[in-house]
Amino acid sequence: MTTRHHDFQALHNFRDLGGYPAADGRSVRWGLLYRSDSLGKLTSDADLDKLRALGIRTVIDLRYPWEIAAKGRVPELDGLEYHNLSIEHRPYDQAEIDPGLDPWRYLADRFAEVAEDGVKEIRQVLDVITAAEAPVVFHCASGKDRTGLIAALLLTLLGVAEDDIAADFALTELATAQLAADWHAAHPGRTLRWPGFGRAPETVIRLTLADLAARHGSVEAYLTGTLGIDREQITALRTRLLSA
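Here the structure is a predicted model, which means the values were calculated and not measured.

Parameters at a glance
Residues numbered from 1 in each chain as written. Predicted model: local features only at pLDDT ≥ 70, side-chain atom pairs only at ≥ 80, totals over all residues. Heavy atoms only, no water. 1 Å grid on protein atoms, 1.4 Å probe; cavity = no way out; pocket = protein on both sides within 12 Å on 5 of 7 lines; lining within 4 Å. Points joined across faces, edges and corners; volume = space filled by probe spheres on them. Helix = DSSP H or I, 4+ residues; strand = E, 2+ residues; numbered from the N terminus. Nonpolar A, V, L, I, M, F, W, Y, C, P; charged D, E, K, R; others polar. Pairing = 2+ DSSP bridges. Core = buried A, V, L, I, M, F, W, Y, C linked by side-chain atoms within 4.5 Å. Buried < 20%, exposed > 50% of the residue type's maximum accessible area, 1.4 Å probe, protein only. Contact = heavy atoms within 4.5 Å. Axes fitted to C-alpha atoms, helices over the stretch in contact; angles between N-to-C directions. Parallel < 35°, antiparallel > 145°, perpendicular 65-115°, else oblique. Arc of directions from axis to C-beta.

Caption draft 1: Structural context of the layout of surface pockets. Taken as a whole, the largest pocket holds about 910 Å³ of empty space. Residue lining of the largest pocket: 27 residues in total, with Glu67, Ala141, Ser142, Trp183 and Phe197 positioned closest to the centre. Taken together, the elements giving at least two residues each to the lining of the largest pocket come down to helix H2 (65–71) and helix H7 (176–186). Its residues assigned to classes, the lining of the largest pocket shows 10 nonpolar, six polar and 11 charged.

Caption draft 2: The environment of Asp49, seen in detail. Tracing the chain through its elements places Asp49 in helix H1 (residues 45–53). As for Asp49 and Tyr64, which are separated by 15 residues in sequence, their C-alpha atoms are 27 Å apart.

Caption draft 3: The arrangement of the sheet that holds strand E1 (residues 15–16) in detail. Here we have five strands laid out as an open sheet, ordered E1-E2-E5-E3-E4, and mixed in their pairing. The sheet is open, and its two edges are formed by E1 and strand E4 (81–84), each paired on a single side. The pairing of strand E3 (residues 58–61) with strand E5 (residues 136–139) spans four bridges and is parallel. Following the sheet pairing, Ile60 is matched in E5 by Phe138.

Caption draft 4: How the structure looks around the nonpolar core. Core analysis: the biggest nonpolar cluster contains 58 residues, and Ile60, Ile122, Ile129 and Phe138 have the highest contact counts within it. Sorting elements by how many residues they give to this core places helix H5 (residues 146–157) first, with eight residues. Look past the residues within four positions of Ile60 in its chain and what remains in contact with it is His83, Leu85, Val125, Val128, Ile129, Val136, Val137, Phe138 and His139. By size, the runner-up hydrophobic cluster in this structure holds 15 residues, among which are Leu11, Leu39, Val74 and Leu77.

Caption draft 5: Spotlight on the pairing of strand E2 (residues 33–36). Covered by surrounding structure in E2 are Leu33 and Arg35 together with Tyr34 and Ser36, the residues of both alternating faces. Here two bridges tie E1 to E2, and the two strands are oriented antiparallel to one another. In the sheet register, Asp16 faces E2, and the bridge partner there is Tyr34. The pairing of E2 with E5 spans four bridges and is classified as parallel. What sits directly across from Arg35, in E5, is Phe138.

Caption draft 6: Structural detail: empty space enclosed by the protein. The tally for this structure, following the rule as stated, stands at two cavities of 30 Å³ or more. Roughly 40 Å³ of volume is contained in the largest cavity. Along the walls of the largest cavity sit Glu88, Tyr92, Arg110, Phe111, Val114, Asp145, Arg146 and Leu149, which together make up its complete lining. Taken together, the elements giving at least two residues each to the lining of the largest cavity come down to helix H3 (103–117) and H5. Considering every element that reaches the lining of the largest cavity, the biggest residue donor is H3, with three residues. Split by residue class, the lining of the largest cavity holds four nonpolar, no polar and four charged.

Caption draft 7: Examining the environment of Pro99 more closely. Relative to the elements of secondary structure, Pro99 occurs in the loop between E4 and H3. Of the residues examined, Pro99 reaches a relative accessible area of 41% and is grouped as partly exposed. Residues Pro99 and Pro195, spaced 96 residues apart in sequence, show a C-alpha to C-alpha distance of 6.7 Å.

Caption draft 8: Main features of unusual backbone geometry. The phi dihedral of Asp24 falls on the positive side, at around 60°, and the residue is not glycine. Relative to the helices and strands, Asp24 is located in the loop between E1 and E2.

Caption draft 9: Representation of the packing of H3 against helix H4 (residues 119–131) within the structure. Where H3 contacts H4, the axes come no closer than 5 Å and their chain directions differ by 80°. For the element pair H3 / H4, the angle class is roughly perpendicular. Along its contact with H3, which presents Val114, Ala115, Glu116 and Asp117, the element H4 presents Val119, Glu121 and Ile122. Its residues placed into classes, the contact of H3 with H4 shows four nonpolar, no polar and three charged.

Caption draft 10: Spatial organisation of H1. Listed in full, the buried residues belonging to H1 are Asp47, Leu48 and Leu51. Buried residues in H1, looked at end-on, bunch into an arc of 95°, giving them a common side. Of the exposed residues in H1, those oriented more than 90 degrees away from the buried face are Asp45 and Ala53. Just beyond H1, the residue with positive phi is Gly55, at close to 75°.

The structure is reproduced here in structure tokens:
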């Protein structure tokens, strides 16, 4: 399976993290690791059948419990393990970001907050992925920021280069128009103040990774020191998620 983007009726940002060059000349295996916008939008039989067909057995929902209460979660399917691990601790409304701010610096600063506030939950996310024996999908609301941070950290652990991590992050830009359209549909009468809504340029994740390196010495030092991911766990992740 070498399909990056998977089309669902209700989802706009569901994709496979396979194929990227990684550690020791290997590459990320296809069909094991997926990132997405909210699976709470899945309601049609066709979409649910597609999810089943991908063999996904673990869903990691990165949203706040109040988001799930308002917008729903993935339907309870037989054999599907569900984890709600809210990695963000300081909510903010992207629609109301001051248009006069540097948008990418602003987002990177929010990512830095998540990386520091959400240490416990980020570690739990990585532990769940390590322990999973079947395909995994992790998601937030748009599959952009919280999901993008987890993807970047996970790909770093797998030995993927920053250029590929940044390119993967920016693929959300293909969904920007639809994410904005969904916001307008859900908020009739409100004005979307921030012109960067739904955007995901490489600059955001590059700034985030640079900030982590500046604060911790390297992104790897954040992962192994602050998060406490040991060599045994890194080896287990690479054994399962990388090509032989």
